[in-house]
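Inside the fold
Here is what each chain is made of, one letter per residue.
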Amino acid sequence: MNDDVDDDMIDRLIDKLSPAQKVRLLTGATTWRTAAEPDIGLRQIVLSDGPAGVRGEGWDERLTSTLLPSASALGALWDEELLTDLGRLLATEAVRKGVDVVLAPTLNLHRSPLGGRHFECFSEDPELAGRTGAALIRGVQAHGIAATAKHFVANDSETDRLTVDVRVGERVLREVYLAPFEAAVEAGVWLVMAAYNSVNGTTMTASRLLGDVLKDAWGFDGVAVSDWAAVRTAEEPARAALDLAMPGPHSPWAESLADAVAGGRVPEKSVDDKVRRLLRLAHRVGALGPGSPGRPPATPVRDPRTLLRRAVAAGCVLVRNADEVLPLDPAALSTVAVIGAHAATPRVQGGGSAGVHPSGVVTPLDGIRTRLRGRARVLHLPGPSLGLPPAPVDADRCTDPRSGAPGVLVRLLDEQGRELHAEHRLSGRQLEPTLVPGAHTVEISALLRPGNAGEWTLGVGGFGRMTLSLDERVLLQGDFPCRIDDPAVVHVTPPLHTVRATLLSKRPVRLVARRELADGTGRATVLAAAPPEEDPQAALATAVDAARKADAAVVFVGTTEHSETEGHDRTGLSLGGRQDELVRAVAAANPRTIVVVNSGGPVELPWREEVGALLLTWFPGQEAGGGIADVLFGRVEPGGRLPTTWAASLADAPVTDTRPAGGRLDYAEGLHIGYRAWLRSGRTPAYWFGHGLGYTTWEYESVDAPARVPAGSPFTVRVGVRNTGPRPGREVVQVYLARPDSAVERPERWFAGYAAVRAEPGGTATAEVVVPARALRYWSQADGVWRTETGTYRLMAGRSAGDLRGETPLTVTEAP
Ligand code: BGC
């Protein structure tokens with residue numbers, strides 16, 4: 001790692017800068033770049049979202065990115081080696097795109113299943129989230145690319161995320177929500193992003209947690225960067241140890257930090273410290289001129305597609321496999337019915353700033369067809385429509401009216417409607433038009449080939465004055481003022497306004513969306529269209545009929561980027577459309593029904609006991625199809641374990657609230673989130689944290705821990721397991737602790753560590769689970785320090801938080 005920073009050299013550079021030069025460095029130069037300072041050989045540093053890929057600067061569908069599985073899928077891996085490889089893949093992408101800093105990983109927790117960015121976070125458990133994030137960070141940074149632990153802290157849901165004041169006690173903060181960030185700092189992360197929200201009355205960019213905890217207690221020596229536009233005043237964030245305001249060039253710091261320093265309201269030495277951290281980052285990523293050692297040559301991931309395919313299978317969680325319906329044997333099949341819209345149009349990522357343009361998606365239908373080619377017939381029946389808003393038009397169905405090439409024409413017009421700029425693009429979703437001086441209107445036009453006549457739904461998306469026309473006829477016109485502050489909604493996922501239009505023939509029609517580029521209307525413009533819907537009853541009947549006649553039915557269900565997206569929390573956990581009805585009808589028609597769930601976070605599966613097998617695939621990224629087919633047909637076993645407990649229904653879930661009351665969101669459950677909350681409530685979820693089946697079975701034969709452990713020392717637990725099934729396999733052995741007679745409040749039990757082992761059929765293996773000292777400590781609120789209780793604990797080993805297979809007492813003694 002390029003981490004041998006010479007602070008004396010950096011201080012000599014700082015001495016060369018005037019106060020104005022220093023302050024200028026502390027706000028971005030653009031949306032994605034920091035400022036350069038030629039006087040000291042500092043070039044701009046380029047930042048990019050993240051986390052499931054590296055988008056690069058700007059949103060241009062022609063500049064594609066390699067798309068990894070969503071963070072929830074990575075949380076399901078329980079495999080730090082694989083995570084480090086995936087981090088290396090992100091670094092490879094960053095190098096390819098000229099990016100120095102990846103805005104990943106997201107280390108907030110799955111507090112409520114309704115969290116809109118659940119897909120972008122790893123787990124409900126702080127230890128698992130921390131270990132997962134740390135492994136990814138190590139992989140990214142080993143190649144001279146910076147990772148960013150975000151969003152510090154308690155940004156666990158989206159409702160009013162810019163202003164919500166999260167009320168949470170110090171002990172809960174330290175033990176639960178700050179813990180993954182502490183792990184990231186231990187892993188050497190180079191940036192931490194301060195969140196939009198407040199915690200206990202102070203907005204995070206001005207929070208004492210940046211100074212007291214992140215920098216002083218943990219020794220973080222990197223850059224505390226704001227979330228985008230999260231700095232609202234100059235002085236408090238400057239005094240509170242925030243280092244860099246993004247984006248730029250406008251920010252309260254750019255406008256008035258120099259005055260605050262001149263007036264003595266912000267000490268110059270705190271500005272020096274911020275600049276020192278920024279230059280340290282520049283040095284680490286090779287942005288500090290000839291004095292900088294430059295980036296170590298990244299060892300590129302040679303075959304990203306194979307790595308990603310492996311990661312998809314390794315993250316798939318098989319939660320049910322009645323009568324060993326899976327794996328399917330290709331040699332024993334003659335017809336397979338693949339049912340559901342998600343099979344051919346999978347959701348490979350969630351919505352919001354995390355989005356990238358994948359370089360090509362292998363759909364599950366592609367994966368299954370490839371595997372069964374020449375062996376069995378594959379029928380695809382999409383089933384009833386999901387009733388979604390129309391999707392942006394694209395190169396599949398549209399051509400550019402000027403060039404005739406697949407795609408759309410984007411033009412910028414002046415106030416008189418004269419063309420200033422025109423370019424061919426591939427998508428009707430334009431988030432950053434090439435701006436030219438005098439531009440007044442952005443226009444997206446496309447020739448749409450309807451394919452079939454009938455009632456289409458057409459849409460225009462964005463804010464401000466817009467029109468939508470069909471063959472020169474204006475169908476929709478209006479002024480749609482923007483009353484939303486959230487940048488992810490304003491610039492990335494603005495609302496769509498739709499209208500129905502009957503297209504009488506297959507003749508191409510010309511669609512035109514126009515939007516005036518006024519201040520405060522955001523950057524996005526969308527032209528969307530959806531074909532006529534098939535009669536839902538008929539679609540259902542055809543799917544069920546195909547399932548009945550097939551040897552096996554594989555039903556794909558899932559959510560969409562409309563329900564799982566940044567900027568909004570979910571309102572429910574049901575699958576939507578008629579997907580539940582479809583699954584029930586197919587399962588009734590064919591006992592070999594396998595349901596594959598394509599969602600970033602938990603969904604309700606009310607029919608889960610009625611189907612043969614149930615496989616969760618998350619948002620699997622671009623190699624979805626290959627990895628899922630590998631699991632379905634037994635080329636590999638499903639490797640994932642749940643990083644988060646899944647409720648049978650939202651009504652059962654113990655912690656769900658994401659809606660602030662009076663601007664506050666009270667984390668009233670304290671330490672008890674996730675499985676801890678379920679244990680305390682005495683209720684049983686559909687599937688516990690840690691649950692996941694492979695293709696073999698295991699017996700736990702022994703659990704051995706040292707009889708006495710000194711407080712403050714890590715120790716190793718040895719768990720003997722035997723593969724009692726017919727196939728080789730990998731077992732994720734989990735260790736939990738409990739402290740029945742604790743003098744302080746404790747979770748009923750808590751996750752302390754894991755290790756994975758492999759064994760052949762009949763073979764044994766010993767999992768050596770290292771339990772870190774932190775697993776035993778608690779934060780003493782009264783004294784403001786960590787403490788470890790001496791005395792007896794219960795130590796349990798098992799397959800999930802709800803499936804424990806062995807136990808041993810553990811005595812903790814005074815530290816030596
Ligand atoms: C998100 C961040 C993201 C940033 C830049 C914010 O709205 O919360 O996660 O990195 O935008 O796109």
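The model shown is predicted, which means the values in this text are computed figures rather than measured ones.

Next up on the list: the side chain of Ser112. The topology assignment puts Ser112 in the loop between strand 2 (101–102) and helix 5 (126–141). The class of Ser112 is buried, set by a relative accessible area of 2%. At 2.7 Å, the side chain of Ser112 forms a polar contact with the backbone oxygen of Thr656. Beyond its immediate chain neighbours, meaning those up to four positions away, Ser112 contacts His118, Val655, Thr656, Asp657 and Thr658.

Here the focus is the pairing of strand 25 (residues 593–598). Most of strand 25 sits inside the fold, with six of its six residues counted as buried. Side chains Thr593, Val595 and Val597 project from strand 25 onto one buried face, and the interleaved Ile594, Val596 and Asn598 project onto a second face that is buried too. Two strands pair when backbone bridges link them, and strand 24 (residues 552–558) and strand 25 are joined in this way by six bridges, in the parallel orientation. Across the sheet, residue Ala553 finds its bridge partner in strand 25, namely Thr593. You can see the chain leave strand 24, run along helix 17 (residues 579–589) and come back into strand 25, and the turn it takes is right-handed. Looking at chain direction, strand 25 and strand 26 (residues 613–616) are connected through four bridges and run parallel. Its bridge partner lying in strand 26, Val596 is registered against Leu615.

To continue, consider the side chain of Lys22. With respect to the helices and strands, Lys22 occurs in helix 2 (residues 19–25). Sequence-distant contacts of Lys22, that is, excluding residues within four places in its chain, are made with Ile14, Leu17, Glu268, Val271, Asp272 and Val275.

Turning to its location among the elements, Arg265 is positioned in the loop between helix 10 (252–262) and helix 11 (268–285). A residue is classified by how much of its surface remains accessible, and Arg265, at 40% relative accessible area, is partly exposed. Sequence separation between Arg265 and Ala238 is 27 residues; the distance between their C-alpha atoms is 9.6 Å. In contact with Arg265, not counting residues within four places along its chain, are Glu235, Arg239, Asp259 and Ala260. A distance of 2.8 Å separates a polar atom in the side chain of Arg265 from a polar atom in the side chain of Glu235.

This brings us to the sheet that holds strand 9 (residues 317–321). A sheet is described by the order of its strands in space; here six strands give the open sequence 9-26-25-24-10-11, paired in mixed fashion. The sheet is open, and its two edges are formed by strand 9 and strand 11 (377–381), each paired on a single side. The average undirected angle you get between the axes of adjacent strands in this sheet is 15°. Across four bridges, the pairing between strand 9 and strand 26 is antiparallel. Bridged to Asn321 within strand 26 is Ala613. Strand contacts of helix 17: strand 10 (335–339), strand 24 and strand 25, with the helix running at about 170° to strand 24, the strand carrying the most contacts.

What follows is about the sheet that holds strand 32 (residues 750–759). Spatially, 29-37-36-31-32 is the arrangement adopted by the five strands of the open sheet, whose pairing is mixed. Strand pairing shows two members of the sheet lacking a second neighbour, strand 29 (708–710) and strand 32, which therefore form its edges. For this sheet the average axis-to-axis angle between neighbouring strands, irrespective of direction, equals 35°. Of the pairings in the sheet, the one linking strand 36 (residues 791–800) to strand 37 (residues 803–813) comprises nine bridges and is antiparallel in character. What sits directly across from Leu795, in strand 37, is Thr808.

Our focus in this paragraph is the pairing of strand 18 (residues 454–461). Most of strand 18 is tucked away, with seven of its eight residues classed as buried. Bridging between strand 18 and strand 21 (residues 496–503) involves eight bridges; their strand directions are antiparallel. What sits directly across from Gly459, in strand 21, is Thr498. As paired strands, strand 18 and strand 23 (residues 525–530) are joined by five bridges and run antiparallel to one another. When the bridges of strand 23 are listed, Val460 appears paired with Leu527.

Neighbouring the ligand are 13 residues, the closest being Asp49, Arg117, His151, Tyr196 and Asp227. Between the ligand and Asp227, the relevant distance is 2.7 Å, taken from an oxygen atom to a side-chain nitrogen or oxygen of the residue. Glu566 places a side-chain nitrogen or oxygen 3.1 Å from an oxygen atom of the ligand. Calculation on the ligand without its partners gives an accessible area of 310 Å², and the protein chains cover 96% of this total. Of the residues assigned to the shell around the ligand, the class counts are five nonpolar, two polar and six charged.

Next up on the list: helix 10. Among all positions of helix 10, only Trp253, Leu257, Ala260 and Val261 are buried. What you see down the axis of helix 10 is that its buried residues fit within an arc of 90°, all on one side. Facing away from the buried side of helix 10 by more than 90 degrees, the exposed set consists of Glu255, Asp259 and Ala262. In the core, the buried residues of helix 10 are packed alongside helix 2, helix 9 (235–239) and helix 11. With a side-chain oxygen positioned 3.0 Å from the backbone nitrogen of Trp253, the residue opening helix 10 is Ser251.

Cut-offs applied
Residues numbered from 1 in each chain as written. Predicted model: local features only at pLDDT ≥ 70, side-chain atom pairs only at ≥ 80, totals over all residues. Heavy atoms only, no water. Helix = DSSP H or I, 4+ residues; strand = E, 2+ residues; numbered from the N terminus. Buried < 20%, exposed > 50% of the residue type's maximum accessible area, 1.4 Å probe, protein only. Polar contact = N/O pair within 3.5 Å; in protein donor to acceptor, adjacent residues only side chain to side chain. Contact = heavy atoms within 4.5 Å. Pairing = 2+ DSSP bridges. Right-handed = clockwise from strand over helix to strand, strands pointing away. Axes fitted to C-alpha atoms, helices over the stretch in contact; angles between N-to-C directions. Near = heavy atom within 4 Å. Areas by Shrake-Rupley, 256 points an atom, 1.4 Å probe, with all protein chains shown as cover. Nonpolar A, V, L, I, M, F, W, Y, C, P; charged D, E, K, R; others polar. Arc of directions from axis to C-beta.

All quantities given are derived from atomic positions and should not be read as evidence of function.
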